[in-house]
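Coordinates in review
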Amino acid sequence: QVQLVESGGGLVQTGGSLRLSCLASGRTFGNYAMGWFRQAPGKERELVAAISWVGTDTYYTDSVKGRFTISRANAKNTVYLSMNSLRPEDTAVYYCAAGLSLSRLVKSLYDYWGQGTQVTVES
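As a starting point, this report considers the structure included with it. Fair warning: this is a prediction, and the values are worked out from it, not measured in the lab. (Residues numbered from 1 in each chain as written. Predicted model: local features only at pLDDT ≥ 70, side-chain atom pairs only at ≥ 80, totals over all residues. Heavy atoms only, no water.)

Let us look at the overall build of the protein. Along the protein, the regular secondary structure elements total one helix and eleven strands. For the protein, the sequential pattern of α-helices and β-strands runs β-β-β-β-β-β-β-β-β-α-β-β. Its C-alpha radius of gyration of 13 Å places the protein within 12% of the 14 Å reference for a compact globule of 123 residues. For the protein, the spread of C-alpha atoms along the three principal axes comes to 40 × 25 × 25 Å. Buried residues in the protein amount to 43% of all 123 residues. Sequence-distant contacts in the protein: of pairs separated by 6 or more residues, those separated by 24 or more amount to 56%. As displayed, the protein has an accessible area near 6400 Å², and 50% of this comes from carbon and sulfur atoms. Separation between the mean location of the 12 positive side-chain charges and that of the 9 negative ones in the protein comes to 7 Å. (Helix = DSSP H or I, 4+ residues; strand = E, 2+ residues; numbered from the N terminus. Rg over C-alpha atoms; globule rule 2.2 N^0.38 Å. Buried < 20%, exposed > 50% of the residue type's maximum accessible area, 1.4 Å probe, protein only. Contact = heavy atoms within 4.5 Å. Areas by Shrake-Rupley, 256 points an atom, 1.4 Å probe, with all protein chains shown as cover. Lys, Arg positive; Asp, Glu negative; His and termini not counted. Charge placed at Lys NZ, Arg CZ, Asp CG, Glu CD.)

With that out of the way, let us pick up the environment of tyrosine 95. Within the secondary structure, tyrosine 95 sits in strand β9 (residues 92-99). On a C-alpha basis, the gap between tyrosine 95 and tryptophan 113 in space is 6.6 Å, while along the polypeptide they are 18 residues apart. Once residues lying within four places of it in the same chain are set aside, the contact partners of tyrosine 95 are Glu6, Gly35, Trp36, Phe37, Gln39, Gly114, Gln115 and Gly116.

In the structure shown here, the tally under the stated rule is three aromatic pairs. Grouping aromatic residues by their ring pairs yields a cluster made of Phe37, Tyr95 and Tyr110. (Phe/Tyr/Trp six-rings, centres within 6.5 Å; stacked < 30°, edge-to-face > 60°.)

Right, let's get into the pattern of salt bridges. For side chains bearing opposite charge, pairing can occur when the charged atoms are close. Taken as a whole and judged by the stated rule, the model has five salt bridges. For arginine 38, the salt bridge goes to glutamate 46, with nearest N and O atoms at 3.0 Å. For arginine 38, a relative accessible area of 6% gives the class buried. Note that aspartate 90 is salt-bridged to arginine 38, the shortest N-O span being 3.1 Å. Remark: arginine 38 occurs in strand β4 (residues 33-39) and aspartate 90 occurs in the loop between β8 (78-83) and β9; sequence separation between them is 52 residues. Note on accessibility: aspartate 90 and arginine 38 belong to one class, buried. Each of Arg38, Glu46, Arg67 and Asp90 takes part in a single network of salt bridges with overlapping partners. (Salt bridge = Lys/Arg side-chain N within 4 Å of Asp/Glu carboxyl O.)

Counting 28 residues, the largest nonpolar core has Met34, Trp36, Leu81, Met83 and Tyr94 as the members making the most contacts within it. Within the residue set of this core, elements represented by two or more residues are β1 (2-7), β3 (18-26), β4, β5 (46-51), β7 (68-73), β8, β9 and β11 (117-122). Counting ten residues, the second largest nonpolar core, distinct from the first, contains Leu47, Ala50, Ala97 and Leu105. (Core = buried A, V, L, I, M, F, W, Y, C linked by side-chain atoms within 4.5 Å.)

Before going further, it helps to examine the sheet that holds β1. With respect to topology, four strands assemble into an open sheet ordered β1-β3-β8-β7, the strand pairing being antiparallel. Each edge of the open sheet carries a strand with a single partner, namely β1 and β7. Strand-to-strand, the axes of this sheet are offset by a mean angle of 20 degrees, without reference to chain direction. (Pairing = 2+ DSSP bridges. Axes fitted to C-alpha atoms, helices over the stretch in contact; angles between N-to-C directions.)

What follows is the structure, encoded as structure tokens:
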């Protein structure tokens with residue numbers, strides 16, 4: 001099993017930036033693809049970004065391309081989501097997720113996920 005703990009959420013103004021962190025513990029020897037999905041009230045879950053184990057392959061949903069960057073530090077069992085130019089529509093609970101492959105994450109087939117961290121963007 002893998003435990004994922006998110007941090008870094010908070011309240012920011014439109015145009016601001018946040019960096020979310022996800023620390024993995026437990027069975028961290030697995031070569032998991034990692035990603036972030038978000039859930040806003042009244043909206044479906046959406047995979048925001050994902051990255052392969054090696055880090056050479058990434059995915060971003062269209063609405064965040066050019067604004068968000070996913071990265072990972074495997075030696076620290078940590079994945080990051082750097083968010084710039086934040087908009088009110090980015091407001092959601094952001095969850096870290098792990099999957100056996102990047103394609104599984106894109107299909108919303110998450111093998112593990114965390115408790116989430118709230119991101120709120122004010123106008």
